[in-house]
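Residues per chain are reported as follows:
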Amino acid sequence: MASEHEQSFGLGVGNKSVKLAEPNQSWHEAYLLEEAAIRGALGDLVVDIQHFGSTSIPEIKAKPIIDIAVGVRLFDDGLACVEPMASIGYVYAGSNIVPDDHIFGRDIEGNTRTHLVHVVEYDGPTWRNFLIFRDRLRKEPELAHAYEALKIELAAKYANDRAAYTAAKKDFIQKILSEGD
């Protein structure tokens, strides 16, 4: 189920496929609207909410899917988010896909992903990695453009295999995170 704004923000990629879009300044506005909805739904469960992923990095191409990190006090608090998130259109994908990450997705008509919410322990390793990577790319445009070039190459190679595309970016991401130590 999509909000009335998602298509005006140019959001959405078919499930399992990879298609990059030109940077869009409205992605930040789309994030802000979603942050407010999530805060309203989750209330005191939320410690902090952050926009991360490529749509949060100005001036680089991205899959037009808004990645949102929701920090909760304890990882197990993510289970308490399932029902409230469902009330605003999110489907719980589970916590067994990525360690220490409760994943929620929202789609248009069930087949075009527009938002991906990661409920993780606030200030835990996953939370910190999301923000370290985002902040480093925001501060270092040459690094952001190197990441963009990699994404363009991988999107061409793995246009119909989002899992392989994501896996192929891992070494670049790990290198950035290890340099931040």
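All residue numbers here refer to positions counted from 1 along the written sequence of the relevant chain. Where local features are concerned, this predicted model is filtered to residues with pLDDT of at least 70; where side-chain atom pairs are given and counted, the filter is 80 or more; whole-chain, interface and lining totals use all residues. Side-chain measures here rest on the full set of heavy atoms in the structure, leaving out hydrogens and waters.

The protein has the name GrpB domain, predicted nucleotidyltransferase, UPF0157 family in an unreviewed UniProt entry, where Rhizobium miluonense is given as its organism.

Asks: Sorry, what's going on with the pattern of salt bridges here?
Replies: As a working rule, side chains carrying opposite charge can pair if their charged atoms are close by. Any Lys or Arg side-chain nitrogen located within 4 Å of an Asp or Glu carboxyl oxygen qualifies as a salt bridge. In total, this model carries 8 salt bridges according to the counting rule given. The salt bridge partner of E35 is R39, with a shortest N-O separation of 3.0 Å. A residue pair is termed a helical-turn pair when its members lie 3 or 4 positions apart in one helix, as E35 and R39 do in helix 1 (residues 26-42) at 4 residues. Burial here depends on accessible area, computed with a 1.4 Å probe over protein chains only, as a share of the maximum for the residue type. Under 20% is buried, over 50% is exposed, and the range in between is partly exposed. Residue E35 is classed as buried on the basis of its relative accessible area, which comes to 16%. Judged by relative accessible area, which is 34%, R39 ranks as partly exposed. Between R39 and D48 there is a salt bridge; the shortest N-O distance is 3.8 Å. The helix and strand labels rest on DSSP assignments: H or I over at least four residues marks a helix, E over at least two residues marks a strand, and numbering proceeds from the N terminus.

Asks: What is the right way to read helix 4 (residues 141-157) from this model?
Replies: In an α-helix, one turn spans 3.6 residues, which is why side chains three or four residues apart end up on the same side. Here, expected helix span is obtained from the residue count minus one, scaled by 1.5 Å. Compared with an ideal rise of 1.5 Å per residue, which puts 17 residues at 24 Å, helix 4 spans 24 Å between its outermost C-alpha atoms and is within 8% of the ideal. When helix 4 is considered as a whole, its buried residues turn out to be L143, A144, Y147, E148, L150, K151, L154 and A155. Relative to the axis of helix 4, the buried residues are bounded by an arc of 165° and lie together on one face. Opposite the packed face of helix 4, turned more than 90 degrees from it, sit the exposed residues E142, E153, A156 and K157. Taken together, the buried residues of helix 4 touch helix 3 (125-139), helix 5 (162-168) and helix 6 (170-179). Taken from the helix axis, the directions to the C-beta atoms give the arc we talk about. What makes two residues a contact is simply this: any of their non-hydrogen atoms within 4.5 Å.

Asks: Looking at this model, I keep getting lost on the pairing of strand 2 (residues 46-52). Mind explaining?
Replies: Looking along a regular strand, one sees the side chains alternate between the two faces of the sheet. Burial analysis of strand 2 places 5 of its 7 residues in the buried class, which makes it a mostly covered element. Here the rule is simple: two strands pair whenever DSSP picks up at least two bridges between them. Of the strand pairs in this sheet, strand 2 and strand 3 (residues 66-72) are connected by 6 bridges, and their pairing is antiparallel. Bridge pairing in strand 3 links F52 to D67.

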